[in-house]
Each structure stands twice: as structure tokens, then as C-alpha cells.
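Descriptive analysis of the structure
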Amino acid sequence: MTEAKKIAGRRNAAEQLPLVFEHGAASGRDDLLVSERLAAAVSLVDAWPAWPSPVVILTGPAGSGKSHLAQIYRDTADATTIIARPGEGASERAAEGPVLLEDADRAGFDEVELFHVINAVRQHGTTLLITSRSFPPSWNVALPDLASRLKAATVVEIGTPDEDLLGQLITKLFADRQLYIDDKIVSYIVQRMERSFSAAQIVVDRMDKLALARRVKITRGLAAEVLETLETAQVRE
């Protein structure tokens, strides 16, 4: 075996080592980076319980920050996560205190049960936060009473993060791992990555693990390699 093959073999083996360290997602209010596109949603969550209506719906694309805001609401209001389906006790919990329904458009819900949940919230003076990637009209609700209740809800849209916010987020995600990288590398990443919070987390995680596996510093070349790999994977999907 040539020396080059030996080095390549050691490199491939190193990159396959399970050097995985858990980094808890920063989900507290102080961890939230606020941009103009997120400001309205943040202000509304911060204003709880002084909401304009007892039901608030946060809409936005994947990775836009809905889950982070939902966690802040859950912590602040001591809210209970519910599943709006028969037999799950959702309306009973809504009568007892604030509740949270996440990913309504993807996880789905029983229309009659969600109607009862909203009624319980209104009758008992509690609150309901719903997160969704799409607006309520696209949920194809057939129950007229539920459609009417949803129209009365406060809907706040979260836009995709801009370059400045993504740059701050990437810097923070690296700092959470005790890694401090050059601003030029951050800028390089931001200009070439998918514009979402979830993509930023994936990029930072991949770069960190690859650097650990190879025992090297994080460089522009490493960033380029990770971004190219992610782009290739998306094309294949």
C-alpha cells in the first residue's frame, strides 16, 4: 500500500469516528437573535398574556424560528403541548391553562377537537399558540364553525432570515461550541447556504464534526467542502 493510500485510509477512518458531542439547542429568550422579519412575532410572544386575541397563529417556512418562539411561549406561559385529536384530552388542558399546538398543517388535527380547544380557551380565559408553515386558509378546513374561529385568530408571518441575522446566528452557534471563526468565513458561508435557521444549525454541526474528526481548524476550505456536500445531497433528494 502506498503512503498516499495509507494517509487517505487514516483520514477516512478518522472522519467516520463517532466524535459526536451533544449541543443543546439554545431555546431561551436571551438566545433569540431578533431581526426585522422576526420582530412582530417576537413582540407578540413577549406581550403574553396581553394578546389581541386568545388564539395566535405563527406561520413561516421551515427553520424560520417558529419552534424557538414556541419554546419561549411554553416556558413563559407554562403552556402544555397538545395534540388536537379525540381522546388526547386537548380541550380539557385548554380549559386549565395555556396550550400549544405545533405544526398544525403537517401534524394535522381533528377539526371538531380543535374547535372545542378554541372554545375552551375563549371560555376559560386561557391562550392557544399554533405554529404552521402555511396560513389557515390553506388547511382546507371543512367545519364552518372552526373556519370562523380561525379567522378571528391573530396571524403573524415570519419571513426567512436575512444575511445579517444568519451571520449572527452562525457566529453564535460556533461560540456555543467554544469556537470562534473569522468573519470572512462566516460571510462566505452565509452567501452560499440555504437561508434558514435549520440550515445554519446543520452547517455548523457538520463543520464542527468534520474539523474534530480531522483534528484541524475550521477554514474556508472546510466550509466549502461541507456546503458542497449539503448541496449535492439536496440535489439527490
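Use the structure listed above.
Keep in mind that this is a model prediction, so the values were computed, not measured. (Residues numbered from 1 in each chain as written. Predicted model: local features only at pLDDT ≥ 70, side-chain atom pairs only at ≥ 80, totals over all residues. Heavy atoms only, no water.)

**Here we look at the pattern of salt bridges**
- All chains considered together, the criterion is met by eight salt bridges.
- In this structure, Glu 163 and Arg 195 form a salt bridge, with 2.5 Å as the shortest nitrogen-oxygen distance. Placement of Glu 163 in helix α8 (residues 163-176) and of Arg 195 in the loop between α9 (183-190) and α10 (197-214) is noted, with a sequence separation of 32 residues between them.
- What makes Glu 163 partly exposed here is its relative accessible area of 36%.
- Overall, Arg 195 belongs to the partly exposed group, its relative accessible area being 41%. (Salt bridge = Lys/Arg side-chain N within 4 Å of Asp/Glu carboxyl O. Helix = DSSP H or I, 4+ residues; strand = E, 2+ residues; numbered from the N terminus. Buried < 20%, exposed > 50% of the residue type's maximum accessible area, 1.4 Å probe, protein only.)

**Regarding the packing of aromatic side chains**
- Using the criterion set out here, one finds two aromatic pairs in the structure.
- Their ring planes at 25 degrees and their centres at 5.4 Å tell us that Trp 51 and Tyr 73 sit as a pair that is stacked. With Trp 51 in the loop between α2 (36-46) and β1 (55-59) and Tyr 73 in helix α3 (residues 66-77), the pair connects residues that are 22 residues apart, well separated along the chain.
- Ring centres of Phe 109 and Trp 139 lie 5.7 Å apart, and the angle between their planes is 65 degrees; on these two criteria the pair is classed as edge-to-face. (Phe/Tyr/Trp six-rings, centres within 6.5 Å; stacked < 30°, edge-to-face > 60°.)

**Thoughts on the nonpolar core**
- With 27 residues, the main nonpolar core has Ile 170, Phe 174, Ile 189, Met 193, Ala 200, Met 207 and Ile 218 as its most contacted residues.
- For this core, the secondary structure elements donating two or more residues are α8, α9, α10 and α11 (220-236).
- No other element matches α10, which puts eight residues into this core.
- Not counting residues within four places of it along the chain, the set of residues in contact with Ile 189 comprises Ile 170, Phe 174, Val 203, Met 207, Ala 223 and Leu 227.
- Grouped together as the second largest cluster of nonpolar side chains are 22 residues, Ile 82, Leu 128, Ile 130 and Leu 150 included. (Core = buried A, V, L, I, M, F, W, Y, C linked by side-chain atoms within 4.5 Å. Contact = heavy atoms within 4.5 Å.)

**Description of the environment of Thr 131**
- Secondary-structure assignment places Thr 131 in strand β4 (residues 128-132).
- With relative accessibility at 1%, the residue Thr 131 sits in the buried group.
- As a C-alpha pair, Thr 131 and Asp 103 span 28 residues in sequence and 5.2 Å in three-dimensional space.
- When residues no more than four places from it in sequence are discounted, the contact partners of Thr 131 are Leu 58, Lys 66, Ala 70, Leu 101, Glu 102, Asp 103 and Ala 104.

**So, the environment of Ala 224**
- Tracing the backbone shows Ala 224 in helix α11.
- Judged by relative accessible area, which is 24%, Ala 224 ranks as partly exposed.
- Considering only alpha carbons, one finds Ala 224 and Arg 192, 32 residues apart in sequence, at a separation of 8.8 Å.

**Structural notes on the sheet that holds β4**
- Spatially, five strands are ordered β2-β3-β4-β1-β5 in an open sheet, and the strand pairing comes out parallel. Two strands in the sheet have a free side with no partner beyond their single neighbour: β2 (80-81) and β5 (154-157).
- Bridging between β2 and strand β3 (residues 99-101) involves two bridges; their strand directions are parallel. The partner of Thr 81 across the bridge, within β3, is Leu 100.
- The strands touched by α3 are β1, β2, β3 and β4; relative to β4, the strand with the most contacts, the crossing angle is about 165 degrees.
- This element, helix α6 (residues 111-124), spans β1, β3 and β4 of the sheet and lies at about 140 degrees to β4. (Pairing = 2+ DSSP bridges. Axes fitted to C-alpha atoms, helices over the stretch in contact; angles between N-to-C directions.)

**Describing the pairing of β1**
- The buried fraction of β1 amounts to five of the five residues, a majority that puts the element mostly inside the structure.
- Across the two faces of β1 the burial is the same, with Val 55, Ile 57 and Thr 59 and Val 56 and Leu 58 all buried.
- Both β1 and β4 contribute to a ladder of five bridges, which runs parallel. The residue of β4 that forms the bridge with Ile 57 is Ile 130.
- Two strands pair when backbone bridges link them, and β1 and β5 are joined in this way by four bridges, in the parallel orientation. Bridge pairing in β5 links Val 56 to Thr 154.

**Quick notes on unusual backbone geometry**
- Following Trp 48, the chain continues to Pro 49 via a peptide bond in cis, the omega torsion being 5 degrees.
- Phi angles above zero are rare outside glycine, and Asn 140 is one such case at about 55 degrees.
- Following the sequence through the fold, Asn 140 ends up in the loop between β4 and α7 (144-151).
- With relative accessibility at 62%, the residue Asn 140 sits in the exposed group.

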